[in-house]
Amino acid sequence: MAKKKLLEIMINRDWCKGCGICVQFCPTKVLELDGREKVVAVRPEDCICCKMCELRCPDLAIEVLTQEGDKDE
Amino acid sequence: MAVKDYLRERFFPHMWCPGCGHGTILNALVHAVEELELNKNEIVMVSGIGCSARISGYVDFHSLHTLHGRALAFATGVKLSRPNLKVLVPMGDGDALAIGGNHFIHAARRNIDITAIVMNNRIYGMTGGQFSPLSGPGVKATTAPYTTIDNNFDVVELAKAAGASFVARSTAYHVKESTELLKKAILHKGFSVVEILSQCPTHYGRKNKEGDAVGMLELQKTNTAKLGSKALEDNPGLIPRGIFVEKECPEYCEEYDKIIAQAMKGRNS
């Protein structure tokens, strides 16, 4: 399987309620809560595109946009 | 279609508390529907009353928000009149097995082609944290300040005994597994029950010292084990996850059609 390349971690700040589930369970600790208790991607370069944050988010506030690694589709 | 196309985005952010497992179940469900590439005009979601039942407002399918515990009765009516539609019935633990316990066992007995999703957070969240028939003994709730003494139902065993032809269990933590189980349940012909353990940090977690949503998800990880795994063999006290029943049985709508055909034999409609 081709390795996925991260395009963008889209976070809907209006929907995020700051529960911290994505922050805690991110395998590479890409996400953090900011001063307003909303999630931000502070280390997007570490993202391995597992999309567990997107799937676990109870507020459906995260979308991880990726691109297939070695071919353009 | 993208996941967002299956949502009624105008109603977001939703009304569930921060860290509520029901949101994750909604997420898993729309991902399952998206991966199956179902047409949203061919899905009906029927729900009852409670935090869990509010899910029907957030999905852009046909939706019915009905009486407490009676979602399966309404769903049976929908399915019998329009058997080509996919009928999804998400219910809370109280909705499904206290108020709607009778509908639940009889829908399972008939093996009607409906997907019942039990969003089990072991508490009545919406009305302020009363214990439910799935709380089990030793749980603190607003109606049990000195802990409960009632035994709980095992949804899987109950559904199995009542005759459901697909029975599975997962948790909000194991979201990929939940999505796969929901996909299988939706495609299964017959009554399918998927129990998904959910977390209510506001009422259950706080009272029972299970911490916040993150702490409760950690418990879902440590207290459950996959069917047939070594962990479950070594520690039978863990809650098993996976598919418990998957069998082919006569489906109710098809059998009903046969009866109609038999009754109409020799008549010019």
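Note that the structure is predicted; figures quoted are calculated from it, not measured.

1. As for the overall build of chain A
Piece 1. Along its length, chain A carries two helices and four strands.
Piece 2. The linear arrangement of helices and strands in chain A, starting from the amino end, is β-α-β-β-α-β.
Piece 3. For chain A, whose C-alpha radius of gyration is 12 Å, the value lies close to the compact-globule estimate of 11 Å for 73 residues.
Piece 4. Judged by the C-alpha coordinates and their principal axes, chain A covers about 40 × 20 × 15 Å.
Piece 5. For chain A, the share of sequence-separated contacts (at least 6 apart) that also reach a separation of at least 24 residues comes to 57%.

2. Section: the overall build of chain B
Piece 1. What chain B contains, in helices and strands, is 10 helices and eight strands.
Piece 2. Taking 18 Å as the expected radius of gyration for a compact globule of 269 residues, we find that chain B reaches 19 Å, a close match to that expectation.
Piece 3. Projected onto its principal axes, the C-alpha coordinates of chain B cover approximately 70 × 45 × 35 Å.
Piece 4. The buried share among the 269 residues of chain B stands at 50%.
Piece 5. Long-range pairs, those at least 24 residues apart, make up 65% of the contacts in chain B with a sequence separation of at least 6.

3. Notes on the confidence of the model for chain B
Piece 1. Confidence in the prediction for chain B averages 95 pLDDT; 99% of positions are at 70 or higher.
Piece 2. In the predicted assembly, ipTM is 0.90 and pTM is 0.94.

4. Topic: the environment of glutamate 34 of chain B
Residue and element names in this part refer to chain B.
Piece 1. For glutamate 34, the location among the structural elements is in helix H1 (residues 21-35).
Piece 2. Glutamate 34 sits 231 residues away from lysine 265 along the chain, and the two C-alpha atoms are 42 Å apart.
Piece 3. When sequence neighbours within four positions are dropped, the list of residues in contact with glutamate 34 reads Met1, Val3 and Tyr6.

5. Side note on the nonpolar core
Residue and element names in this part refer to chain B.
Piece 1. If you look at the biggest cluster of nonpolar residues, it comprises 82 residues, and the most contacted ones within it are Val89, Ile114, Ala116, Ile117 and Val193.
Piece 2. In contact with valine 89, not counting residues within four places along its chain, are Val46, Ser47, Ala71, Leu72, Ala75, Ile114, Thr115, Ala116 and Ile117.
Piece 3. Counting 10 residues, the second-largest nonpolar core is a separate cluster that includes Cys51, Tyr124, Val139 and Ala141.

6. Digging into helix H5 (residues 155-162) of chain B
Residue and element names in this part refer to chain B.
Piece 1. For H5, the complete set of buried residues consists of Val155, Val156, Leu158 and Ala159. Along H5, the residues classed as buried sweep out an arc of 165° about the axis, all on the same side. Exposed residues lying more than 90 degrees from the buried face of H5 are Glu157 and Ala161.
Piece 2. At its buried positions, H5 is contacted by helix H3 (93-99), helix H4 (101-110), strand S4 (115-120), strand S5 (166-171), strand S6 (192-197) and strand S8 (239-246).

7. Notes on unusual backbone geometry
Piece 1. Residues phenylalanine 12 of chain B and proline 13 of chain B are joined by a peptide bond in cis, for which omega reads -5°.
Piece 2. In this structure, proline 13 of chain B sits in the segment before H1.
Piece 3. The backbone of lysine 29 of chain A shows a phi angle near 55°, a positive value even though the residue is not glycine.
Piece 4. Topologically, lysine 29 of chain A is positioned in the loop between helix H1 (21-25) and strand S2 (31-33).

8. Observations regarding the interface of chain A and chain B
The figure often quoted for interface size is the accessible area lost as the parts come together.
Piece 1. Across the boundary between the two partners, chain A contributes 14 residues, which contact 17 residues of chain B.
Piece 2. Grouping the amino acids of the side of chain A that touches chain B by side-chain chemistry returns seven nonpolar, three polar and four charged.

9. Focus on the sheet that holds S6 of chain B
All names here are of chain B.
Piece 1. With mixed pairing, eight strands are arranged side by side in an open sheet as S2-S1-S3-S4-S6-S5-S8-S7. Strand pairing shows two members of the sheet lacking a second neighbour, strand S2 (62-65) and strand S7 (224-226), which therefore form its edges. Adjacent strand axes in the sheet meet at a mean angle of 20° when their direction is disregarded.
Piece 2. The sheet contact formed by strand S1 (residues 43-47) and S2 spans four bridges and is parallel. Looking at S2, one finds that methionine 45 is bridged to serine 63.
Piece 3. Strands S1, S2, strand S3 (86-92) and S4 of the sheet are contacted by helix H2 (residues 71-81), whose axis makes an angle of about 180° with S3.
Piece 4. Of the strands in this sheet, S3, S4, S5, S6 and S8 touch helix H6 (residues 175-187), which is tilted by about 160° from S5.

The rules behind these values
- Residues numbered from 1 in each chain as written.
- Chains lettered and ligands numbered in written order.
- Predicted model: local features only at pLDDT ≥ 70, side-chain atom pairs only at ≥ 80, totals over all residues.
- Helix = DSSP H or I, 4+ residues; strand = E, 2+ residues; numbered from the N terminus.
- Rg over C-alpha atoms; globule rule 2.2 N^0.38 Å.
- Contact = placed C-beta atoms within 7 Å.
- Buried ≥ 20, exposed ≤ 12 C-beta atoms within 10 Å, placed from the backbone.
- pLDDT = per-residue confidence, 0-100.
- Core = buried A, V, L, I, M, F, W, Y, C linked by C-beta atoms within 7 Å.
- Arc of directions from axis to C-beta.
- Nonpolar A, V, L, I, M, F, W, Y, C, P; charged D, E, K, R; others polar.
- Pairing = 2+ DSSP bridges.
- Axes fitted to C-alpha atoms, helices over the stretch in contact; angles between N-to-C directions.

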